[in-house]
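# Coordinate analysis (summary)
Take a look at the letters that make up each chain.
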Amino acid sequence: MRWAVTGTGMVTSVGGDKDSSFRALCNGVSGVKPLQAFDLTRFNAKHAYEITDRNADMGDKKVRASKWLCTAVNEAIRSAGLGPQTTRLAVLVGTGLRELRSLELWWVDGQPLQVEELHFGGALRKATGVRGPVLTFSNACSSSNFALGLAGDLLALGEADVVIVGGCDSITESMHGLLDRVNPTPPERVQPFDRDRRGVLLGEGASALVLESAENAAQRNVKPIAWLRGVGMSCDAHHETAPDRAGIRDAMADAHRCAGITPAEVDLLLVHGTGTQLNDQIEAEAILELFGEQADCLTITALKSMLGHTSGASGLMAVVTAIECMNQGCIPPTVGLSTPMPVAERMNINKSFKTVPVRLAQINAFGFGGVNAVAILERAVK
Amino acid sequence: MNDMVVITGVGLEIPGLADGMSLLQAVGGQLQPGPFNPAAKLGSKGLRYKDRATQLALCAAKAALTDARLPVIAAEQLSPATFGVVVSSNLGNIDTVCRVVETIRVGHVKDTSSLDLPNASSNVVASSLAIRFGCRALNLMLCSGATSGTDALYVAANAIRAGRAKRMLVAGVESVNPATARLMNESAIALEEPYETRYLDVSAAIMLESAAAAAERGAFCYAYVGNYGYSLSAEAENSVLAAVDNDFSRVLLWLTPSCSHTQVAALVKRVLDRWGDQRPDYLDFEPSLGETYGALGVLQAVAACQWLRERGGAVLATTGTVWGDSCASICLYGAHEHAVG
């Protein structure tokens, strides 16, 4: 079974909408910059991939993730041509850090906060007019890929005719700090799969897409821009923060099973690639284990080299980017990759912008707690 | 039968609720918080750095697994690759987030502990259940506000119906600490109709299985999971009508959100008027347990199972309407009721 993607939207640290974000990614523009709103003296890591929508003199602002999510969802709704009369519609949101930045600003700065602002139902209904269920999944760094898979399930079960999937995250001081705490040397940028990678830095933004059956899209006279072929899921059940090769391999294998494909059919792999020593090593080992010799010809790229780790939003950002790659026939580079780590030496990691046809793309997303979700997308535009 | 989803185990961890006391027995009094000793139930290994919400959920989940006669040791788990987890909690880890940001603001990041890293991730409860009990299928954390517990049942049942899992452990948990109490109190004061209530440590868990998987191992079946209905708060009766499929006749009990809120009381009146002559009993846990927020939907499911075991029929459960703009309902049917229905 496959599902039609009929609209997408995205807000990132390198662009305010999908088109500008993708253009910037293809141009190798990085969103990394000195911390915008946190007190530099309190951290070792002084960089992140933030969206510059705050005036330093005015202090920090709450509900920024909600704002970007609404922008991305509205862009997806517009591009899908969804009208306000759409019924049997559900919204699934994946987010790692919810509105926990707003919680921090409430706790330490005294900004007002209502408990229902921690999730996204109210903000989305106000900004987009959607009336159906809005479910917020907080599944660490694979949240939005899980939401995408569950959206396909809702369609398969006939529980909805259209599902909007969103992903969003803003950087919290606590998570930036705790990641800073465990990085041996503070990184100034994220270098996925590089021998000299020093760890992860967070990013922020939102992405969204509209998913429906081919029949529903045809009834609305809307052409799919891509097909969702399947989302594989697994849980390592192994460790609260460390990844597990078997769990990652199982999620990728489950994705191929759901999509009805073999590893050899995948043209493009957008890796999770957080730039930490252990995560990248384990992800690469799992890829080699599952793809075998096919890993040599698979084109791989790592968006976190330009967007940072956008936590729960990262999976769907990569999905939206992969759809652009398929439709525009080009692949953004992995910026800052100089020498691949030994385990990835054989891999075809894209160091510079490349034009190449892509029919099937795989998007990896793995999160704390060993929660893994891998999506397979297929080109729909000939 | 293949897409039928059944409840085969229930568990509670509410410090202050006497061992063996059902939620239905607790209604009527005002439950006082009691001592919580997770080590006595789980053993002390691996608990030291778990936050309170995780400890509560681990206890409730272990009780549900035991009740369902499933293993509670990861290495012994039955078909772990098809065993998933969904947890509902809105406030579970906010104490960690508040404490860490406060530590950084008064000092430096070096003053934080790396041991806080897992607890700063909102899904720590769901992943901790998977690690302890050996659940390797999908693992989900729902943080959708007041309807979250009901949503969790729906999502878990869908995961089974969609073939992603044969078994799903569903837990709902909220814990009390200075950060959660302050946030809930400030939010309650800001409601259209200011509201005073209590907050307790609460966790509930249920074991969902495909009817086939339950039958295969001869499991006792408390209930079948019926329809889920969702609506905006202003149209809350639509969620109720969708859950019962416009047929109130089999529903003997309705578990409602807190009737202390005018809009919930009005909803209850509107729906009961619609029900006609054969009105069901209805119950609201807020007077006895306080505001249980993201845990309520799962608590209601446990209470529904306790009712269905004794009385049969069907139980309708509704969450939301307040603390946000949405309302969710789900209907659970007694095993005999659904089999003949």
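Anyway, here's the lowdown on the structure attached to this text. (Residues numbered from 1 in each chain as written. Chains lettered and ligands numbered in written order. Predicted model: local features only at pLDDT ≥ 70, side-chain atom pairs only at ≥ 80, totals over all residues. Heavy atoms only, no water.)

### Looking at the packing of helix α3 (residues 100-109) of chain A against helix α8 (residues 178-190) of chain B
Running from N to C, α3(A) and α8(B) point in directions that differ by 95°, and their axes come no closer than 12 Å. Relative to α8(B), the element α3(A) is oriented roughly perpendicular. Where α3(A) abuts α8(B), its residues Leu103(A), Trp106(A) and Trp107(A) lie against Pro178(B), Ala179(B), Arg182(B), Leu183(B) and Glu186(B). Of the residues contributing to the contact of α3(A) with α8(B), the split by class is six nonpolar, no polar and two charged. (Axes fitted to C-alpha atoms, helices over the stretch in contact; angles between N-to-C directions. Helix = DSSP H or I, 4+ residues; strand = E, 2+ residues; numbered from the N terminus. Parallel < 35°, antiparallel > 145°, perpendicular 65-115°, else oblique. Contact = heavy atoms within 4.5 Å. Nonpolar A, V, L, I, M, F, W, Y, C, P; charged D, E, K, R; others polar.)

### Details of unusual backbone geometry
Glycine aside, negative phi is the norm for most residues, and most peptide bonds take the trans geometry. Residues and elements named next belong to chain B. The backbone phi angle of Ser79 is positive, close to 35°, even though this residue is not glycine. As for its position among the elements, Ser79 is in the loop between α3 (52-67) and β2 (83-88). With a relative accessible area of 32%, Ser79 lands in the partly exposed category. Positive phi is not limited to glycine here, since Trp323 has a value of about 60°. Here Trp323 is to be found in the loop between β9 (314-320) and β10 (326-334). (Buried < 20%, exposed > 50% of the residue type's maximum accessible area, 1.4 Å probe, protein only.)

### Looking at the nonpolar core
If you look at the biggest cluster of nonpolar residues, it comprises 158 residues, and the most contacted ones within it are Leu148(A), Leu377(A), Ile7(B), Leu129(B), Leu138(B) and Leu208(B). In terms of residue count, helix α13 (residues 296-311) of chain B provides more of this core than any other element does, 10 residues in total. Excluding its chain neighbours within four sequence positions, the residues that come into contact with Leu377(A) are Val5(A), Ala226(A), Trp227(A), Leu228(A), Val319(A), Ile323(A), Met326(A), Arg359(A), Leu360(A), Ala361(A) and Ile363(A). Counting residues in each nonpolar core, the second largest holds 47 residues, with Ala179(B), Val251(B), Tyr293(B) and Cys331(B) among its members. (Core = buried A, V, L, I, M, F, W, Y, C linked by side-chain atoms within 4.5 Å.)

### Comments concerning the interface of chain A and chain B
Facing the 67 residues of chain A at the interface are 66 residues of chain B. Across the chain A/chain B interface, buried area totals approximately 5,800 Å², and carbon plus sulfur atoms make up 60% of it. Counting every contact that joins chain A to chain B gives seven salt bridges. In this structure, Glu240(A) engages Lys50(B) in a salt bridge whose closest nitrogen and oxygen atoms are separated by 2.3 Å. Counting across the chain A and chain B interface gives 30 residue pairs in polar contact (both at pLDDT 80 or more). Those elements giving two or more residues to the side of chain A that touches chain B turn out to be α3, α4 (121-128), β5 (134-137), α5 (143-156), α6 (173-182), β8 (226-235) and α8 (245-259) of chain A. Of all the elements, α6(A) adds the most residues to the side of chain A that touches chain B, at nine residues. Residues of the side of chain A that touches chain B, tallied by class, amount to 30 nonpolar, 19 polar and 18 charged. (Buried area = accessible area lost by both parts, 1.4 Å probe. Salt bridge = Lys/Arg side-chain N within 4 Å of Asp/Glu carboxyl O. Polar contact = N/O pair within 3.5 Å; in protein donor to acceptor, adjacent residues only side chain to side chain.)

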